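In case you want the letters, here they are:
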2 protein chains.
Amino acid sequence: MALSSQAYKGTRDFYPEEMSVRRQVFEKFREIARKFGFSEYDGPLLESYDLYAAKSGEELVSQQLYSFEDRGNRKVAIRPEMTPTLARMVAAKLGELQPPLKWFSIPNLYRYERPQKGRLREHWQLNVDILGGDAELADSEILEFAAGVFDSFGCGDKIRIRVNHRAWVNYYMKDVLGLDAEKSLKLSKILDAKEKTTEEVFTSGVLEILEEGDMAKPKASLLKEYIDTPLVEMHKKYPNSPIAELSKVLETLGRPELFEYDPIIMRGLDYYTGIVFEGFDRSGSNRRAIFGGGRYDNLIALFGKQELSGIGFGMGDVVLMDFLSENQLLPKNQPKCDFFVSLPSNDFWKDASAFAKVLRDRNFSVQMSLKSGNFKQQLKAADRSGASFSLLFGEDEWKESKVILRNMKTSSQEVLSLEEISKKVF
Amino acid sequence: MALSSQAYKGTRDFYPEEMSVRRQVFEKFREIARKFGFSEYDGPLLESYDLYAAKSGEELVSQQLYSFEDRGNRKVAIRPEMTPTLARMVAAKLGELQPPLKWFSIPNLYRYERPQKGRLREHWQLNVDILGGDAELADSEILEFAAGVFDSFGCGDKIRIRVNHRAWVNYYMKDVLGLDAEKSLKLSKILDAKEKTTEEVFTSGVLEILEEGDMAKPKASLLKEYIDTPLVEMHKKYPNSPIAELSKVLETLGRPELFEYDPIIMRGLDYYTGIVFEGFDRSGSNRRAIFGGGRYDNLIALFGKQELSGIGFGMGDVVLMDFLSENQLLPKNQPKCDFFVSLPSNDFWKDASAFAKVLRDRNFSVQMSLKSGNFKQQLKAADRSGASFSLLFGEDEWKESKVILRNMKTSSQEVLSLEEISKKVF
């Protein structure tokens, strides 16, 4: 029976057209990282299973992780996220590395998901982290960098970055609402899911937590206040709470119009300790976050090292590509070739290819025809290649050491010696 | 117990320094591919197990493949080589694609190996293929491209490409030595391993195959002739054999000094059908092939498609990096940064960061200090960043809307307004 030519479920084949787009997107990542002074790193695709079992969320490990035993009975996993690898790498060389570290990576990651819009089993993710440094400055830098990524695609104004602070959430739940740790956690989850549930489910969930006899009503109104009160007022009301830190960071940002305080942003539950944020399509046409991240306190504690705090975010390529595509901002695949060389017969290869080398040494892109003979067919191939010029080694012309230079756009032709062509183009 | 910070056996962590080198090497691949008009593609890291079971060599599947069952009981494998993915992708879109296709990819691949010099469990591999087109021209093109890769590292003259032809091997074994298919295969294996075994083992292996009473001696002398006779003489002696094709291709190549006919090059056994080749360090200091490939006839037959012939090669990053390193040709990690911005206190972030944006919009790389206050420490950080200039927002200077521009090389300083700096550098 013939083999199936389908890719594995939830993965993509990148034919040259799609690969060109992916490359251009990744090059934009690298370009903006260069401008902000971030350095690229990468780790192995396989990691020890323990690396994830120790820290990653339970759903991820129990339901989404690709793990197996290798031939030496080591339990390994395909990386589902980059942060554990980052933590391991930093812990391994803590003595040599000099924080603050500004690092980024563009790994491919695997999660066992039900493939759907915005979610696949294999995706690439821009991961950006600042480890060490002054927290307030690093927070500002990472938020400006996130905005900068979208500037580089020409759409900084099309996104909205919603920002919250986990210590502020904890403060409000404990000190204002008087909830214990367990109830705080439950309430965070309900707030986190607020936009994905109905008003009814949300309210009944909230009341279940707050219901403590007479206290339910005042607490519900305090919770409403938490959700609805703008940052400035909240800051005035609780000036000595962690909301002061959040206010400070948002004030230092160059373009306040991109950022918005949003008290229901949570970003997972046991990981982040400071600022948390998520970026969305401002038009609202796609409700999935395009990127998200936050500040964590204990990146390398699991490795028995002193704590090193940091802030970072991740941006998956699937949701980003959807966003860019919906906004007509996806880079185009533009095949570019300077010269296409046509041959009357295979015997011309040696001379033509020697001249192609001269052109390539001068940085030109040169396609040698891989079918000699029929010039009409070769002209079509030249057209498909996107060549600016075609170089035809005509038999008669070559007897006089000349070739035909055809401008593919205007179809005008000249008969020139190779030296004349060199003079023309160099 | 603390987690181990070691990477999984046989894999590498790429810290910024190593990543910079890897990126530069891959960018050279992409640059030379652009000059030759090859297009990049990529496929998923996980493929169906069947894709390899069907075609890849038995040792690879039974001993080196990383395979497992996913949560939906699909048997999957981490790609150990790229060609099966290429074949699958081409088979899937054969109707739309217009050969000749000139494609390349730089995938990471996994093989369960005993880590050693030149061999790891995870490596990256440049894969280059031409599918369709005139075989003679495509063969020439791929060989010139392989040489071109080394030219781009400045060492085209440091490699030697040994070339053979599988149809010629088969012709000689069957028509000249009179061996049957089984013995031909055995003899190919012995020739393939000639350089890795002792003279004694080689001779006894050969005699075991050739020993057929009176025939052994004349056959042994014919085999010696096969191994020792130069291409030109061999071609004269067997003008109508497949060696004519090999001669023709080698004659068309622009730089004959890089290529060498070598009758013991085999490149695996069931896969290649035409030209085969391997590239080596000319100095002989590393006996492992840096790259290798050849012509195959039936890339997509397994998918029930008409045959599409092609030629390709693979070059692993581990052996290549060793070669470049031994020849002092490895790209250097050069941290480059145009401006490092120093701050007397966090309050200066907003203004400084706004100016950083202006500079970044003009394509400069700008590092904002992530620790304000101590200028001496910030100067050290500026030094480490490799910055050409440091921009110091001095408190006194900023009162007059001026900053200190320090040339990090000469240590000379000027007090200038931001407009003056803009005029100076734009």
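Higher on the page you've got the structure.
It should be emphasised that the depicted structure is a prediction, and the values quoted were computed from it without experimental measurement. (Residues numbered from 1 in each chain as written. Chains lettered and ligands numbered in written order. Predicted model: local features only at pLDDT ≥ 70, side-chain atom pairs only at ≥ 80, totals over all residues. Heavy atoms only, no water.)

Student: I would appreciate a short explanation of the overall build of chain A in the present structure.
Tutor: From N to C terminus, chain A includes 16 helices and 17 strands. For a compact globule of 426 residues, the expected C-alpha radius of gyration is about 22 Å, and chain A comes in at 29 Å, more than 25% above that figure. In terms of overall dimensions, chain A has a C-alpha envelope of 100 × 55 × 50 Å along the principal axes. A buried classification covers 55% of the 426 residues belonging to chain A. Sequence-distant contacts in chain A: of pairs separated by 6 or more residues, those separated by 24 or more amount to 67%. Working note: accessible area of chain A is about 18,600 Å², and carbon and sulfur atoms make up 48% of it. When the 60 basic and 64 acidic side-chain charges of chain A are each reduced to a single mean position, those positions are 4 Å apart. (Helix = DSSP H or I, 4+ residues; strand = E, 2+ residues; numbered from the N terminus. Rg over C-alpha atoms; globule rule 2.2 N^0.38 Å. Buried < 20%, exposed > 50% of the residue type's maximum accessible area, 1.4 Å probe, protein only. Contact = heavy atoms within 4.5 Å. Areas by Shrake-Rupley, 256 points an atom, 1.4 Å probe, with all protein chains shown as cover. Lys, Arg positive; Asp, Glu negative; His and termini not counted. Charge placed at Lys NZ, Arg CZ, Asp CG, Glu CD.)

Student: Sorry if this is basic, but what is going on with the interface of chain B and chain A here?
Tutor: Where interface size is quoted, it is often the accessible area lost as the parts come together. Counting from both sides, the interface comprises 104 residues of chain B and, opposite them, 104 residues of chain A. In total, chain B and chain A occlude about 8,400 Å² of area from one another, counting both sides; carbon and sulfur atoms represent 55% of this. The tally of links from chain B across to chain A stands at 12 salt bridges. For the side of chain B that touches chain A, the class distribution of residues is 43 nonpolar, 24 polar and 37 charged. (Buried area = accessible area lost by both parts, 1.4 Å probe. Salt bridge = Lys/Arg side-chain N within 4 Å of Asp/Glu carboxyl O. Nonpolar A, V, L, I, M, F, W, Y, C, P; charged D, E, K, R; others polar.)

Student: Help me understand the packing of aromatic side chains in this model?
Tutor: Geometry of an aromatic ring pair is reported as the spacing of the ring centres plus the angle between the planes. Inspection of the entire model under this criterion finds 57 aromatic pairs over all chains. Ring geometry for A:Tyr66 versus B:Phe68: centroids 6.3 Å apart, planes at 75°, classification edge-to-face. Of this pair, A:Tyr66 sits in strand 3 (residues 66–69) while B:Phe68 sits in strand 3 (residues 66–69), placing the two residues on different chains. Judged by relative accessible area, which is 2%, A:Tyr66 ranks as buried. An aromatic cluster is present here, built from A:Phe36, A:Phe38, A:Phe145, A:Phe150, A:Phe277, A:Phe291, A:Phe313 and A:Phe323 joined pairwise through their rings. The side chain of A:Lys194 reaches across the aromatic face of A:Phe202, ending 5.1 Å from its centre. (Phe/Tyr/Trp six-rings, centres within 6.5 Å; stacked < 30°, edge-to-face > 60°. Lys NZ or Arg CZ within 6 Å of the ring centre and 35° of its normal.)

Student: Which parts of the structure should I look at to understand the pattern of salt bridges?
Tutor: Residues and elements named next belong to chain B. Using the criterion set out here, one finds 63 salt bridges over all chains in the structure. For Glu 40, the salt bridge goes to Arg 30, with nearest N and O atoms at 2.8 Å. Of this pair, Glu 40 sits in strand 1 (residues 39–40) while Arg 30 sits in helix 1 (residues 16–36); the two residues are 10 residues apart in sequence, bridging distant segments of the chain. For the salt bridge of Asp 396 with Lys 399, the shortest nitrogen-to-oxygen distance reads 3.8 Å. Pair noted here: Asp 396 and Lys 399 are both in helix 15 (residues 395–399), with a separation of 3 residues, about one helical turn. Looking at Asp 396, the relative accessible area reads 52%, which means it is exposed. Taking the relative accessible area as the measure of exposure, Lys 399 reaches 69% and is therefore exposed.

Student: How do you make sense of the environment of B:Ser184 when you look at a structure like this?
Tutor: Residue and element names in this part refer to chain B. By the element assignment, Ser 184 lies in helix 7 (residues 181–192). Under the relative-accessibility criterion, Ser 184 is labelled buried at 11%. Separated by 13 residues in the primary sequence, Ser 184 and Tyr 171 have C-alpha atoms spaced 9.9 Å apart. Once residues within four sequence positions are removed from consideration, Ser 184 is found in contact with Met 173 and Leu 179.

Student: Hey, could you run me through the relation of the copies chain B and chain A in this one?
Tutor: Between the two chain copies there is a screw-like relation: a rotation about an axis and a shift along it. Least-squares fitting of chain B to chain A yields an RMSD of 0.1 Å, with the transformation described by 0.0 Å of translation along the axis and a rotation of 180°. Within this description, the copies of the chain are treated as partners about a two-fold rotation axis. Residue B:Phe68 of chain B places its C-alpha closer to the rotation axis than any other residue of that unit, at 3.3 Å. The overlap is high: 100% of the interface residues of chain B also sit at the interface in chain A, so the same surface is used on both sides. (Least-squares fit on C-alpha atoms with pLDDT ≥ 70 in both.)

Student: Honestly, the sheet that holds strand 2 (residues 46–48) of chain B in this entry has me stumped. Any pointers?
Tutor: Either a parallel or an antiparallel arrangement is found when strands of a sheet pair, and the pairing is made through backbone hydrogen bonds. All names here are of chain B. Taken in spatial order, the 3 strands make up an open sheet running 2-4-3, and their pairing is antiparallel. Across the chains shown, the open sheet's two edge strands, defined by having one partner strand only, are strand 2 and strand 3. Pairs of neighbouring strands in the sheet enclose a mean axial angle of 35°, with direction left out of account. For strand 2 and strand 4 (residues 75–78), the ladder comprises 3 bridges, and the chain directions are antiparallel. (Pairing = 2+ DSSP bridges. Axes fitted to C-alpha atoms, helices over the stretch in contact; angles between N-to-C directions.)

Student: Before we go on, may I ask you to explain the sheet that holds strand 17 (residues 413–417) of chain A in this structure?
Tutor: Residue and element names in this part refer to chain A. Ordered by their spatial adjacency, 5 strands build an open sheet running 14-13-15-16-17, and the pairing between neighbours is mixed. Looking at strand neighbours, the two that pair on one side only are strand 14 (366–368) and strand 17, the edges of this open sheet. Within the sheet, the average angular offset between the axes of one strand and its neighbour, ignoring direction, is 25°. Where strand 13 (residues 337–342) and strand 14 come together, 3 bridges link them in parallel fashion. Its bridge partner being in strand 14, Phe 339 is matched across the sheet by Val 366. Contacts from helix 16 (residues 418–425) reach strand 13, strand 15 (387–392), strand 16 (402–407) and strand 17, with the element oriented near 110° to strand 17.

Student: What am I meant to see in empty space enclosed by the protein here?
Tutor: Rolled over the atoms, a probe sized like a water molecule indicates the empty space that remains. Under the definition given, this model contains 1 cavity of 30 Å³ or more. The calculated volume of the largest cavity comes to roughly 380 Å³. Residue lining of the largest cavity: 32 residues in total, with A:Arg22, A:Trp124, B:Arg22, B:Ile106 and B:Trp124 positioned closest to the centre. Elements with a contribution of two residues or more to the lining of the largest cavity: helix 1 (16–36) of chain A together with helix 1 and strand 7 (122–131) of chain B. Class assignment for the residues of the lining of the largest cavity results in 14 nonpolar, 5 polar and 13 charged. (1 Å grid on protein atoms, 1.4 Å probe; cavity = no way out; pocket = protein on both sides within 12 Å on 5 of 7 lines; lining within 4 Å. Points joined across faces, edges and corners; volume = space filled by probe spheres on them.)

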